[in-house]
Amino acid sequence: MPRKLYIAGNWKMNTSLAECAALTEGLVERLGDVADVDLAIAPPFVYLQAVGRQVQGSRIALGAQNMFYEDNGAYTGETSAAMLKDVGCCFVILGHSERRHVIGETDELINRKVLKALADGLTVILAVGELLEQRQAGQTMDVVRRQVQVGLEGVGVAEMAGVTLAYEPVWAIGTGETASPAQAQDVHAMIRTLVGDLYDAETAAATRIQYGGSVKPSNAAELLALDDVDGALVGGASLKAEDFAGIVQAGRDVP
Ligand code: PEP
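Not measured: the values here are computed from a predicted model.

**Quick look at the side chain of Ser97**
Okay, step 1: Structurally, the position occupied by Ser97 is in helix H4 (residues 97-103).
Okay, step 2: Residues within four places of Ser97 in sequence aside, it is in contact with Val102, Val170 and Ile173.

Listed below in structure tokens is the structure:
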């Protein structure tokens, strides 16, 4: 089953309001009409509404970098799925390695968020990936398998239509290091087999698995051409409209 490429930009805690407006303008100009690749951006929370207005009418989807699993109440500093939808978000990134390893989120917490996001009608990019020491210790497959398994616990087969997985080796995020095509393909293939075991062959064939970790225009083509790589989750290179557009073009050019 052919899977449509899905390329998302994670702006992390970057940009001022003015920079964010200029970046969005550049993206809409270059990519606003692209229909053969699904495109998405996740700006900082405080700029979501402003960016939402700018991308309105374009094909670029708006999403958030995190959310909380409750509807409302005494959860200082947190943001609900309903609030995200209210400002025009249609997706949320969950389980990003910086949330796992800097903030300390566990697989169980991430799973609660995944379930809530899907229940409230947001699609999810669930990010998984091993640390350098885990790769060196030969634990990559076990670590990623557990993150996928626990992250998806309780997610029904029909709900999987709203889930994209993102394999992001932590040692390749923001470091300039990229997984080799063989390293990426191995893990992506394992994830697809796992989705088949957890659900069924049809779901495995339909689920998109993005690669993330220092993706840039110069390396995007070889990564996006891999059998089980269905797009990219892009950090640093998503902060320049030209670079993000270059990655998208590389994807569109894959035969
Ligand atoms: C990310 O934050 O998801 C990421 C992959 O970052 P970078 O592209 O900067 O490595």
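**Quick look at the packing of aromatic side chains**
Okay, step 1: This model, assessed by the stated rule, comprises 3 aromatic pairs.
Okay, step 2: Grouping aromatic residues by their ring pairs yields a cluster made of Phe68, Tyr69 and Tyr75.
Okay, step 3: A cation sits over an aromatic face here: Arg112 above Tyr69, 3.9 Å from the ring centre.

**Focus on the pattern of salt bridges**
Okay, step 1: Per the counting criterion, the structure on display carries 16 salt bridges.
Okay, step 2: The salt bridge involving Lys113 is made with Glu105; its shortest N-O contact spans 2.7 Å. Both residues of the pair, Lys113 and Glu105, count as buried.
Okay, step 3: Its salt-bridge partner being Arg146, residue Asp107 comes within 3.2 Å of it at the nearest N-O pair.

The rules behind these values
What you see as residue numbers is a count from 1 along each chain, following the sequence as written. Owing to the predicted nature of the model, reporting of local features is limited to residues with pLDDT of at least 70; listing and counting of side-chain atom pairs is limited to 80 or more, with chain, interface and lining totals taken over all residues. To get the side-chain values, take all heavy atoms of the structure and skip hydrogens and water. Put simply, DSSP H or I for four residues or longer makes a helix, DSSP E for two residues or longer makes a strand, and each gets a number counted from the N terminus. Residues are treated as being in contact if the distance between any of their heavy atoms lies within 4.5 Å. In this scheme Phe, Tyr and Trp rings, the latter by its six-membered ring, pair at centre separations within 6.5 Å, and the angle between planes marks the pair as stacked below 30 degrees, edge-to-face above 60, and tilted otherwise. Note on geometry: a ring has a charge over it if NZ (lysine) or CZ (arginine) is within 6 Å of the ring centre and within 35 degrees of the ring normal. Salt bridges are defined by distance alone: a side-chain nitrogen of Lys or Arg within 4 Å of a carboxyl oxygen of Asp or Glu. Relative accessible area decides the class of each residue, using a 1.4 Å probe on protein chains only: under 20% of the type maximum gives buried, over 50% gives exposed, and in between gives partly exposed.

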